[in-house]
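The lines below spell out each chain.
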Amino acid sequence: MTGLERLHSAIEAAPPGPGTIAAFDLDGTLISGYSASVVYRDRLRRLDISVGELLRTTGAAIDTQFRGADVGALMDIGVRALGGRTVEELNDWGRRLFKQEIAAMIYPEARGLLAAHRRAGHTIVMATSATPFQAKYVAEDLDIEDVLCTEPEVVDGMLTGELSSPALWGPAKANALAGYAEKMGADLKNAFAYSNGVEDVFMLEAVGRPVALNPDRGLARIALRNHWPSVSLRRPQRGATPISTIRTATAMGALAATAALGASAGIVTGNRQLGANLVGTYGPDISLSLLGIDVEIDGEHNVWDHRPAVFMFNHQSSLDMLVLGTVIKRDVTGVAKKEAASDPRFMPVGALLDVAYIDRTDTTKAKAALQPAVDKLKNGVSIVIAPEGTRSPTPRLGPFKKGGFHLAIQAGVPIVPVVIHNAGERMWRNSLVAHPGPVYVSVLDPISTEGWETKDLDAHVEEVRAQFEAALLAGHR
């Protein structure tokens with residue numbers, strides 16, 4: 001049994017219910033790296049840091065890293081620099097940085113730990129020295145409702161440049177957690193606390209179930225001495241390596257070559273669908289093999305039992321198209337946003353499959369563009385569509401749009417949910433390079449649209465979305 005498996009067993013064995021708290025640090029614990037580094041890099045790129053602030057920050061960082069000083073001086077410098085900015089401005093900034101960078105830093109296996117605590121009914125809280133603007137969007141994505149963090153002082157919606165209380169670091173974080181437990185009526189003797197750094201020893205010592213999660217060397221030594229569980233999660237794959245870059249380029253080249261052969265076959269035979277089926281049957285499998293990605297499908301019979309159908313999938317990665325090709329293979333086309341028509345990764349397949357491109361800025365054009373897709377369904381060709389409309393930065397589902405549901409109702413075909421669990425781990429939303437490993441897919445039972453009426457569509461959309469959420473929460477089998 002691995003350390004992570006033992007940790008899951010410990011969660012299952014702990015007292016169930018909200019009286020058991022699970023407190024998670026943010027930087028280095030839930031995310032690989034530090035949100036403050038993302039903030040400073042962004043400010044440097046935008047020339048938003050003065051030389052004086054840069055020198056003061058460097059000096060404070062050296063004191064913290066090598067002389068054991070607490071993070072208070074660093075936080076004071078950073079918060080002073082934000083004085084005069086509005087909460088709205090900083091919320092927009094934090095949201096942008098989360099989507100662009102921080103989302104890709106979340107440890108994939110941390111989601112499993114959080115899910116285990118939720119199954120046990122535990123109270124989950126984030127305890128971090130970061131500001132709300134760094135922490136809140138990670139917490140929101142991970143469904144952590146309560147956040148204990150370093151709070152800047154705000155007057156009339158604007159930061160004053162001061163802290164409203166000491167930075168949540170060291171003993172201050174432990175005290176904040178103790179206060180939170182008292183408010184919740186929970187006993188810290190039953191609580192879990194997760195952290196990666198020695199600065200959180202005070203918090204770890206305050207609970208009955210401390211866990212060194214992704215520990216640095218100092219905390220790893222302390223955990224060993226105190227017999228605390230010590231677990232290192234698998235790091236998210238973000239950067240491009242020479243090998244992954246070559247493999248991705250080779251795979252995309254193979255897909256383009258397959259698309260060209262399929263198009264040629266369609267022209268020679270006068271049967272465009274034949275060419276598309278050749279590509280769908282062989283192209284994705286060849287490309288994924290070259291990438292070192294193996295697609296494992298649960299419920300594969302649901303792909304074939306009720307065709308034609310509207311296949312709906314959750315969209316997180318550019319890899320999704322290849323995964324769907326491997327799953328669905330033939331007699332399928334799709335709809336996509338107009339911008340995808342100029343995406344070189346999508347253009348060859350889009351042209352071959354006769355994809356309907358939708359201009360979402362014009363409702364009239366969008367409805368007209370859907371009619372060919374309805375005709376395809378009535379002629380036996382399935383449709384694949386992402387109800388979220390665009391890639392999300394994490395596995396968390398976005399709102400579902402209604403276009404695919406209208407298609408299914410108009411054509412009188414079922415909806416088949418295709419839940420892609422982890423394609424974002426293999427190829428993140430903003431990445432051009434894929435990494436080897438398994439991708440897990442669950443094909444759920446077909447959902448009949450017989451008797452559905454437009455007036456009830458909102459409820460049906462939420463029912464389908466709930467099935468996606470339940471499958472993602474349950475994970476792959």
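Calculation criteria
Residues numbered from 1 in each chain as written. Predicted model: local features only at pLDDT ≥ 70, side-chain atom pairs only at ≥ 80, totals over all residues. Heavy atoms only, no water. Helix = DSSP H or I, 4+ residues; strand = E, 2+ residues; numbered from the N terminus. Buried < 20%, exposed > 50% of the residue type's maximum accessible area, 1.4 Å probe, protein only. Contact = heavy atoms within 4.5 Å. Areas by Shrake-Rupley, 256 points an atom, 1.4 Å probe, with all protein chains shown as cover. Core = buried A, V, L, I, M, F, W, Y, C linked by side-chain atoms within 4.5 Å. Pairing = 2+ DSSP bridges. Axes fitted to C-alpha atoms, helices over the stretch in contact; angles between N-to-C directions. Polar contact = N/O pair within 3.5 Å; in protein donor to acceptor, adjacent residues only side chain to side chain. Phe/Tyr/Trp six-rings, centres within 6.5 Å; stacked < 30°, edge-to-face > 60°. Lys NZ or Arg CZ within 6 Å of the ring centre and 35° of its normal. Patch = residues over 30% accessible without salt bridge, like charges linked within 9 Å, V, L, I, M, F, W, Y side chains within 5 Å. Salt bridge = Lys/Arg side-chain N within 4 Å of Asp/Glu carboxyl O. Arc of directions from axis to C-beta.

> So what's going on with the overall build of the protein chain? Residues and values would help.
Helix and strand content of the protein chain: 19 helices and 15 strands. Residues classed as buried in the protein chain amount to 51% of the 477 residues present. Sequence separation of at least 24 residues holds for 70% of the intrachain contacts in the protein chain that already meet a minimum separation of 6. Looking at the protein chain as shown, the accessible area adds up to about 22,000 Å², and 55% of this sits on carbon and sulfur atoms.

> So what about the nonpolar core? Which residues, and what values?
One finds L26, L30, M126, V138, I144 and Y194 to be the most contacted residues of the largest nonpolar core, which totals 44 residues. Tallying contributions element by element places helix α7 (residues 132-141) first for this core, with five residues. Leaving out residues up to four positions away in the same chain, V138 has contacts with L26, I31, F98, I102, I106 and M126. Formed by 28 residues, the second largest nonpolar core is a distinct cluster that contains L255, A309, F311 and V441.

> Residue-level account of the environment of L224, with values.
Among the structural elements, L224 can be located in helix α10 (residues 217-226). In this structure the C-alpha to C-alpha distance between L224 and A212, which are 12 residues apart in sequence, comes to 9.5 Å.

> So what about the sheet that holds strand β3 (residues 146-148)? Which residues, and what values?
Read from one edge of the open sheet, six strands run β3-β2-β1-β6-β7-β8, paired in parallel fashion. What marks the edges here is a single partner per strand, and that holds for β3 and β8 (230-231). Direction of pairing for strand β6 (residues 192-195) relative to strand β7 (residues 209-213): parallel, over a ladder of four bridges. Paired with A193 across the two strands is P210, which belongs to β7. Packing against the sheet, helix α1 (residues 3-13) makes contact with β6, β7 and β8, and its axis sits at approximately 155° to β6.

> Report on the pairing of strand β13 (residues 382-385), specifying residues and quantitative values.
With burial as the criterion, each face of β13 is covered, one bearing S382 and V384 and the other bearing I383 and I385. When strand β10 (residues 310-313) meets β13, the two strands line up parallel, connected through three bridges. Residue pairing in the sheet places V310 in a bridge with I383 of β13. When strand β11 (residues 332-337) meets β13, the two strands line up parallel, connected through three bridges. Bridge assignment links G334 to a residue of β13, and that residue is V384.

> Outline unusual backbone geometry, listing residues and values.
In this chain, R307 is followed by P308 through a cis amide linkage whose omega measures 0°. The phi angle at N214 is positive, at roughly 55°, despite the residue not being glycine. Along the chain, N214 turns up in the loop between β7 and α10. Classification of N214 as buried rests on a relative accessible area of 10%. The residue K329 is not glycine, and still its phi comes out positive at about 70°.

> Mind laying out the side chain of S32, listing which residues take part and the relevant values?
Take S32: it is sitting in the loop between β1 (21-24) and α2 (35-45). Side-chain polar atoms of S32 contact the side chain of R235, separated by 2.6 Å. Excluding its chain neighbours within four sequence positions, the residues that come into contact with S32 are M105, Y107, R235 and P236.

> Which residues make up the packing of aromatic side chains, and what are the values?
Counted by the stated rule, this structure contains three aromatic pairs. Geometrically, the ring pair formed by F400 and F468 is edge-to-face, given 5.5 Å between the ring centres and 80° between the ring planes. Taken as a pair, F400 in the loop between β13 and α17 (403-411) and F468 in helix α19 (residues 457-474) lie far apart in primary sequence, 68 residues in all. Here F468 falls in the buried class, since its relative accessible area comes to 0%. In this structure an aromatic cluster arises from ring pairing among F24, F192 and Y194. In this structure, R465 packs its charged tip against the face of F400, placed 5.9 Å from the ring centre.

> Can you tell me about a nonpolar patch on the surface, naming the residues and giving the values?
A cluster of nonpolar side chains, namely L274, L278, Y282, I286 and L290, defines an oily patch on the protein surface of about 410 Å² accessible area. By secondary structure assignment, the location of Y282 is in helix α12 (residues 272-291).

> Would you mind going over α10 in detail, with residue names and values included?
For α10, every residue scored as buried is listed here: G218, L219, I222 and A223. The arc that holds the buried residues of α10, viewed along the axis, is 130°, so those residues lie on one side. Of the exposed residues in α10, those oriented more than 90 degrees away from the buried face are R217, R221, L224 and R225. Where α10 ends, the next residue or the one after it, H227, has phi of about 60°, a positive value.

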